[in-house]
Amino acid sequence: RKSNATAYQVVAFYYARADRPPGRRGKLPGISGGGLSASRLCGIFPAMAITLPRLQKNVDRIRENIARQCEQTKRDPGDVKIIAVTKTVGLETIKRLLDVGITDFGESKVQQLTERAAELDAYLQRRQAPLVEPVRWHMVGHLQRNKVRGALAVAHCVHSVDSLRLAEEIDA
């Protein structure tokens, strides 16, 4: 069964049941478990503002959950990266994510990836406060062979290699 993922896009890295709109129980539409989107990380729901304290609270909760899970599996929490998929959020939200220490972002389309990376790079050139870690972009959606060059110009990692031919094109 395909979920209604129009408002909340998800990537398979980490799923934390952070916030829910008032009166809601269970999973949110589009959340299939195993993933985390920037809209989910920010606690975005229709007509709700994103405040920096709320965002920090959500990120702290997610990091606590990661630490707890890593402790149970005897894994170093520093080895786990939170990658916020920014498909459904604007540049202002990405800036706030930077303010709370999120520096890995994912996009599912090459054109959006290159546009977002350019917008954020221009912002970072003007930003006064230095980042603890450099911003890294991740290609998380299906990648066509004819768009590999554009993706590789920006992406730190391609998470969606689904064929040997695509792998060979990336390696070329």
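The structure we're discussing is the one just above.
Being a predicted model, the structure only gives us computed values, none of them experimental. (Residues numbered from 1 in each chain as written. Predicted model: local features only at pLDDT ≥ 70, side-chain atom pairs only at ≥ 80, totals over all residues. Heavy atoms only, no water.)

### Quick word on the overall build of the protein chain
The cut-off we apply is this: Only DSSP runs of H or I reaching four residues or more are called helices, and only runs of E reaching two or more are called strands; each is numbered from the N terminus. For every residue, the accessible area (1.4 Å probe, protein chains only) is compared with the maximum for its type, and the residue is labelled buried under 20%, exposed over 50%, or partly exposed between those bounds. The contact definition used throughout considers only heavy atoms, calling two residues in contact when any of these lie within 4.5 Å. Using a 1.4 Å probe, the Shrake-Rupley method yields the accessible areas, and only the shown protein chains count as cover for residues.
Tallying secondary structure elements over the protein chain gives six helices and four strands in all. Shown N-terminal to C-terminal, the secondary structure of the protein chain runs as helices and strands in the order α-α-β-α-β-α-β-α-β-α. Across the 172 residues that make up the protein chain, the buried fraction comes to 40%. At a minimum sequence separation of 6, the contacts of the protein chain that also span at least 24 residues come to 52%. Counting only carbon and sulfur atoms, one obtains 49% of the accessible surface of the protein chain, whose full area is about 10,100 Å².

### Observations regarding the nonpolar core
Applied cut-off: The set of buried Ala, Val, Leu, Ile, Met, Phe, Trp, Tyr and Cys residues whose side-chain atoms join them within 4.5 Å is what this entry labels a nonpolar core.
Within the largest apolar cluster, 27 residues are counted, with the highest numbers of intra-cluster contacts made by Ile 102, Phe 105, Leu 120, Met 139 and Leu 143. When neighbours within four sequence positions are excluded, Leu 143 is seen to be in contact with Val 110, Val 148, Ala 151, Val 158, Ser 160, Leu 166 and Ile 170.

### With respect to the sheet that holds strand β4 (residues 155–158)
Think of a sheet as strands paired side by side through backbone hydrogen bonds, with each pair either parallel or antiparallel. Here is the rule we go by: Strands qualify as paired when DSSP identifies two bridges or more between them. Lines fitted to C-alpha atoms define the axes, with helix axes restricted to the stretch in contact, and inter-axis angles between N-to-C directions lie between 0 and 180 degrees.
Taken together, four strands build an open sheet; the order of strands is β1-β2-β3-β4 and the sheet is parallel. The sheet is open, and its two edges are formed by β1 (83–85) and β4, each paired on a single side. With direction set aside, neighbouring strand axes in the sheet form an average angle of 30°. Across three bridges, β1 lies against strand β2 (residues 104–107) in parallel orientation. If you follow Val 85 over to β2, its bridge partner there is Gly 106. On the sheet, helix α4 (residues 110–126) packs against β2, β3 (136–139) and β4 and is oriented at approximately 175° with respect to β3.

### Observations regarding unusual backbone geometry
Not every positive phi belongs to a glycine, and Lys 74 is a case in point at roughly 55°. Note that Lys 74 resides in the loop between α2 (52–73) and β1.

### With respect to helix α3 (residues 91–99)
Turning to α3, its buried residues are Thr 93, Ile 94, Lys 95, Leu 97 and Leu 98. Positive backbone phi, at 95°, marks Gly 101, one or two positions downstream of α3.

### Concerning the packing of α3 against α4
What counts here: The cut-offs work like this: below 35 degrees is roughly parallel, past 145 is roughly antiparallel, 65 to 115 is roughly perpendicular, and the gaps in between are oblique. The sense of a crossing depends on the near helix, which, turned anticlockwise from the far helix by less than a right angle, makes the crossing left-handed and, turned clockwise, makes it right-handed. We call Asp, Glu, Lys and Arg charged. Ala, Val, Leu, Ile, Met, Phe, Trp, Tyr, Cys and Pro are nonpolar, and the rest, Gly among them, are polar.
As a packed pair, α3 and α4 sit with axes 11 Å apart at the nearest point and diverge in direction by 55°. The angle between α3 and α4 places the two elements in the oblique class. Crossing handedness for the pair α3 and α4: right-handed. Listed contacts from α4 to Leu 91, Ile 94, Lys 95 and Leu 98 of α3 are Arg 116, Glu 119, Leu 120, Tyr 123 and Leu 124. Grouping the amino acids of the contact of α3 with α4 by side-chain chemistry returns six nonpolar, no polar and three charged.

### So, the pattern of salt bridges
Note the following rule: Any Lys or Arg side-chain nitrogen found within 4 Å of a carboxyl oxygen on Asp or Glu counts as a salt bridge.
Counting across every chain of the model gives six salt bridges. When the shortest N-O distance is used, the salt bridge between Arg 127 and Asp 99 registers 3.1 Å. In this pair, Arg 127 is assigned in the loop between α4 and β3 and Asp 99 in helix α3, connecting sequence segments 28 residues apart. Residue Arg 127 is classed as buried on the basis of its relative accessible area of 18%. Measuring nitrogen to oxygen at the nearest pair gives 3.3 Å for the salt bridge that ties Arg 116 to Glu 107. Residue class for Arg 116 comes out buried when judged on its relative accessible area of 15%. What you see here is one network of salt bridges that share partners, running through Lys 81, Asp 104, Glu 133 and Arg 136.

So, to be careful, I would describe these as geometric facts and stop short of saying anything about function.
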